[in-house]
Amino acid sequence: PYHCGPAALATVLVDGGVTATPEAQADTVFLPAREGSLQAEMLAGARRQGALAWRLPGTLEAVFATVAAGQPVVVLQNLGLTVAPRWHYAVLVGYDLAQRTVVLRSGITRRELMPLATFEHTWARGGHWAFVALPPGRLPPVVDLDAALQAAIAFERVAAPAAAARAYETLLARWPDPLLAWLGLGNARLAANDAAGAVTAYTEAARRHDSAVAWNNLAQALNRLGRRNEALEAARRAVARAESAEPV
């Protein structure tokens, strides 16, 4: 009872190659006092298991495109009323537009066929909230840059450095410019004791954005490699850029 959240989370984690059970997930995402799992706990629970948690746009087009790409989607439904909610997590795994139905893994029901109209109403009452949990090397088919950065940054806080680096590399393969992603990649590589790789990332950040932070981080990475003269020059560039009132 009330463990639909752990069950839904375990379902998408296992699909992504992570060993997980509803019982194990309940220890981290289920809140007995609330008799359920909060959305923030669901996202954090995925990250703690080594998966990126991607919030999806709250549209049928977005969740259907994600399912069509082979990525099951956790959705939050309100199976009650707005004034008397009955919150429920399920996993959207299929849909049939001709038959106007969706297929859900729901609680202990492996294959629940639900009319599309019913799904739309219950999902709308749940705030159109949906997410996918994916390995660091994969992206959902429908995601914007801001959501991708938020997912990668949140993942970096709890992930192993090498996994965090992989997440940033995947993001940059699609969006090659964002400063925060290059800095995050450099930080993750440095944390993984890959100073040379960090230098490459920070150099790219500095080249693209002439950022004081990028120059400063590059100086530290170069210094770790014993490249003192280059480190000093990067530090000077950082100070010069900061003194020119670089916007924060």
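This write-up is about the structure you can find in this document.

**Description of the pattern of salt bridges**
Opposite charge on two side chains makes pairing possible when the charged atoms of those side chains draw close.
Then comes step 1: Enumeration over the complete set of coordinates arrives at six salt bridges.
Then comes step 2: For Arg208, the salt bridge goes to Asp177, with nearest N and O atoms at 3.3 Å. Of the two residues, Arg208 is situated in helix α9 (residues 195–209) and Asp177 in the loop between α7 (161–174) and α8 (179–191); the sequence distance between them amounts to 31 residues.
Then comes step 3: With a relative accessible area of 37%, Asp177 lands in the partly exposed category.
Then comes step 4: Residue class for Arg208 comes out partly exposed when judged on its relative accessible area of 32%.
Then comes step 5: Several salt bridges share partner residues, and in doing so they unite Asp177, Glu204, Arg207 and Arg208 into one network.

**So, unusual backbone geometry**
Then comes step 1: The residue Asn193 is not glycine, and still its phi comes out positive at about 65 degrees.
Then comes step 2: Given a relative accessible area of 68%, Asn193 falls into the exposed group.
Then comes step 3: Unusually for a residue other than glycine, Asp210 sits at a positive phi of about 45 degrees.
Then comes step 4: Examined against the element boundaries, Asp210 turns out to sit in the loop between α9 and α10 (212–224).
Then comes step 5: You can call Asp210 partly exposed: its relative accessible area is 31%.

**Description of the sheet that holds strand β5 (residues 109–115)**
Then comes step 1: The antiparallel open sheet is built from six strands, whose spatial order is β1-β6-β2-β3-β4-β5. Of all the strands in the sheet, the pair left with one neighbour each is β1 (52–55) and β5. Strand after strand, the sheet turns through a mean of 35 degrees between neighbouring axes, direction not considered.
Then comes step 2: Here strand β4 (residues 101–106) pairs with β5 via five bridges, running antiparallel. Opposite Val103, over in β5, you have Leu113 as the bridge partner.
Then comes step 3: Contacts between helix α1 (residues 4–15) and the sheet are confined to β2 (73–78), β3 (87–96), β4 and β6 (130–134), with β3 contributing the most and set at about 35 degrees to the helix.

**Brief notes about the environment of Val103**
Then comes step 1: Among the secondary structure elements, Val103 is positioned in strand β4.
Then comes step 2: Overall, Val103 belongs to the buried group, its relative accessible area being 9%.
Then comes step 3: When neighbours within four sequence positions are excluded, Val103 is seen to be in contact with Val91, Leu92, Val93, Gly94, Tyr95, Arg111, Glu112 and Leu113.

What counts as what
- Residues numbered from 1 in each chain as written.
- Predicted model: local features only at pLDDT ≥ 70, side-chain atom pairs only at ≥ 80, totals over all residues.
- Heavy atoms only, no water.
- Salt bridge = Lys/Arg side-chain N within 4 Å of Asp/Glu carboxyl O.
- Helix = DSSP H or I, 4+ residues; strand = E, 2+ residues; numbered from the N terminus.
- Buried < 20%, exposed > 50% of the residue type's maximum accessible area, 1.4 Å probe, protein only.
- Pairing = 2+ DSSP bridges.
- Axes fitted to C-alpha atoms, helices over the stretch in contact; angles between N-to-C directions.
- Contact = heavy atoms within 4.5 Å.

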